[in-house]
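Chain and residue survey
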Amino acid sequence: MRALILVDIQNDFTPGEPGGALAVPHGHDVISVAIRLMPEFDLVVATQDWHPADHKSFAGHHAGKVVGDVVTLEGLDQILWPDHCVQGTPGANFCDELNHAGIHEVVRKGTDSGIDSYSGFFDNGHRKATGLDTVLQKHGVDALHIMGLATDYCVKFTALDAVELGFKTTLIVEGCRGVELQAGDCDRAIEAMREAGVDIWTNTAPSESRIAAHHKRGES
Ligand code: VGL
Ligand code: ZN
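Here's a quick rundown of the structure. (Residues numbered from 1 in each chain as written. Chains lettered and ligands numbered in written order. Predicted model: local features only at pLDDT ≥ 70, side-chain atom pairs only at ≥ 80, totals over all residues. Heavy atoms only, no water.)

Details of the packing of helix H3 (residues 151–164) against helix H4 (residues 185–196)
Condition: Axis definition: a line fit to C-alpha positions, over the contact stretch in the case of helices; interaxial angles, taken between N-to-C directions, run 0 to 180 degrees. The way it works is that DSSP assigns letters per residue, a run of H or I at least four long becomes a helix, a run of E at least two long becomes a strand, and they are numbered from the N terminus. Angle categories: roughly parallel below 35 degrees, roughly antiparallel above 145, roughly perpendicular from 65 to 115, and oblique for all the rest. By definition, residues are in contact when any of their heavy atoms lie within 4.5 Å. Ten residues, namely Ala, Val, Leu, Ile, Met, Phe, Trp, Tyr, Cys and Pro, are considered nonpolar, four, namely Asp, Glu, Lys and Arg, are considered charged, and the remaining ones, Gly among them, are considered polar.
The geometry of H3 relative to H4 is characterised by a closest axis approach of 10 Å and an angle of 0° between their N-to-C directions. Relative to H4, the element H3 lies roughly parallel. Contacts from Thr151, Asp152, Tyr153, Val155, Lys156, Ala159, Leu160 and Val163 of H3 reach H4 at Asp185, Cys186, Ala189, Ile190, Ala192, Met193 and Ala196. A class-by-class count of the residues in the contact of H3 with H4 yields eleven nonpolar, one polar and three charged.

Shown next, in the form of structure tokens:
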């Protein structure tokens with residue numbers, strides 16, 4: 001059983017109103033890819049960055065610090081971000097154009113103010129699970145196709161944890177866009193995923209027939 005994981009396709013990660021607080025360049029481009037692929041999967045799970053207003057990944061909560069600075073949180077390096085995806089705000093909502101009815105399960109992450117959670121599975125310290133693994137187990141899922149925002153943060157860490165948990169994991173490159181704080185971050189993230197065992201799917205237009213053929217051949 002295979003699932004499509006839509007990572008953080010939320011207003012704050014896409015440019016323009018509402019949201020846009022941590023806009024990923026060309027973030028909107030992933031929406032049409034998601035809409036095209038969702039009907040091809042038995043299960044569609046969306047992760048949602050869902051921070052309390054006092055989340056310690058927000059630069060504004062650290063005196064003298066600015067966005068992009070790095071601090072230590074719970075013993076881990078933490079990049080400071082603008083306020084984003086605050087629980088209950090329009091910026092935290094999934095993008096309007098996304099087919100909300102096609103999402104079967106939603107898993108929220110980053111809910112603990114003291115620690116960030118890039119991965120859809122665990123916080124950055126791997127201390128607490130978000131419940132995504134439980135949802136996938138419940139549905140008997142063994143293979144994941146992952147796409148969304150942002151390539152170099154939440155998509156990357158979700159895919160790395162997926163492999164570690166034993167899922168056959170495929171990255172749909174066309175369905176991802178990244179922050180690129182440093183030029184090359186997305187390429188390096190994709191390389192790290194490949195090295196970890198993620199199948200990097202660079203086909204420009206994955207179609208229904210291609211996904212079906214891919215699975216018939218027993219590939220992940
Ligand atoms: C993300 C930075 C902070 C992401 C979330 O979804 O990639 N990046 N929070
Ligand atoms: Zn966040």
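Still more ground to cover, so stick around.
What to know about the site of ligand 1
Counted only if it meets this: Near is defined per residue: the residue qualifies when any heavy atom it owns lies within 4 Å of the molecule or strand. Nitrogen and oxygen atoms within 3.5 Å of one another constitute a polar contact, given that in protein one can donate a hydrogen and the other can accept it, and given that sequence-neighbouring residues count only through two side-chain atoms. Only the protein chains shown count as cover for residues, and the accessible areas themselves come from Shrake-Rupley with a 1.4 Å probe.
The environment of ligand 1 is formed by Asp8, Phe13, Leu22, Asp49, Trp81, His84, Tyr118, Leu149, Ala150, Tyr153 and Cys154. Contacts to ligand 1 include Ala150, whose backbone N or O atom sits 3.1 Å from an oxygen atom. One of the backbone N or O atoms of Cys154 is found 3.1 Å from an oxygen atom in ligand 1. Burial of ligand 1 by the protein amounts to 100% of the accessible area it has alone, namely 260 Å².

Quick word on the side chain of Thr169
We count it as follows: Each residue is placed in one exposure class: buried if its accessible area under a 1.4 Å probe, protein chains only, is under 20% of its type's maximum, exposed if it is over 50%, and partly exposed if it falls in between.
Take Thr169: it is sitting in strand S7 (residues 168–177). Under the relative-accessibility criterion, Thr169 is labelled buried at 2%. Of the polar contacts made by the side chain of Thr169, one reaches the backbone oxygen of Phe167; its length is 2.9 Å.

Topic: the coordination of the zinc ion (ligand 2)
For a metal bound by four donors in tetrahedral geometry, the ideal donor-metal-donor angle is 109.5 degrees, whereas six donors in octahedral geometry ideally sit at 90 or 180 degrees. How we decide: Note: metal donors comprise N, O and S atoms at 2.8 Å or less from the metal (3.2 Å for Na, K and Ca); water molecules are not included, so apparent gaps in a site are possible. Geometry is assigned from the angles between donors: four donors with all angles from 85 to 135 degrees make a tetrahedral site, four or six donors whose opposite pairs exceed 155 degrees while the rest stay between 65 and 115 make square planar or octahedral sites respectively, and everything else is labelled irregular.
Taken together, Asp49 (OD), His51 (NE2) and His84 (NE2) make up the protein donors of the zinc ion (ligand 2), found 2.0 to 2.1 Å from the metal. Coordination geometry of the zinc ion (ligand 2): the four donor atoms subtend angles of 86 to 169° at the metal centre, consistent with an arrangement described as irregular. The motif formed by the donor residues of the zinc ion (ligand 2), counted along the single chain, is D-x1-H-x32-H. One end of the pair, Asp49, is in strand S2 (residues 43–49); the other, His84, is in the loop between strand S4 (76–79) and strand S5 (105–109), and 35 residues separate them in sequence. You can call His84 buried: its relative accessible area is 3%.

Re the nonpolar core
Buried together is how nonpolar side chains tend to be arranged in soluble globular proteins. Short version of the rule: Buried residues of nine kinds, namely Ala, Val, Leu, Ile, Met, Phe, Trp, Tyr and Cys, make up a nonpolar core once their side-chain atoms join them within 4.5 Å.
Counting 58 residues, the largest nonpolar core has Leu4, Ile5, Leu6, Ile9, Leu136, Leu144 and Met147 as the members making the most contacts within it. Excluding anything up to four places from it in sequence, Ile9 contacts Val30, Ile31, Ala34, Asn93, Phe94, Cys95, Leu98, Met147, Gly148 and Leu149.

Brief notes about the state of the cysteines
Keep this limit in mind: The disulfide criterion is simple: two cysteine sulfur atoms within 2.5 Å.
One pass over the structure, following the stated rule, counts zero disulfides. We note that Cys176 lacks a disulfide partner, and the nearest cysteine sulfur, in Cys186, lies 8.7 Å from it.

Thoughts on the side chain of His84
A polar contact is formed between the side chain of His84 and the side chain of His51, at a distance of 3.1 Å. Other than its neighbours up to four places away in sequence, His84 contacts Asp12, Phe13, Ala21, Leu22, Asp49, His51, Ser57 and Phe58.

Here we look at unusual backbone geometry
Of the consecutive residues Glu17 and Pro18, the connecting peptide bond is found in the cis state with omega at -15°. By secondary structure assignment, the location of Pro18 is in the loop between strand S1 (2–7) and helix H1 (29–37). Ala150 follows Leu149 through a cis peptide bond whose omega is -5°. Among the structural elements, Ala150 can be located in the loop between strand S6 (143–149) and H3. In this structure, His126 takes a positive phi of about 55° despite not being glycine. Locating His126 in the fold gives a position in the loop between S5 and helix H2 (132–138). A relative accessible area of 40% places His126 in the partly exposed class. A positive phi angle is found at Glu180, which is not glycine, with a value near 55°. Examined against the element boundaries, Glu180 turns out to sit in the loop between S7 and H4.

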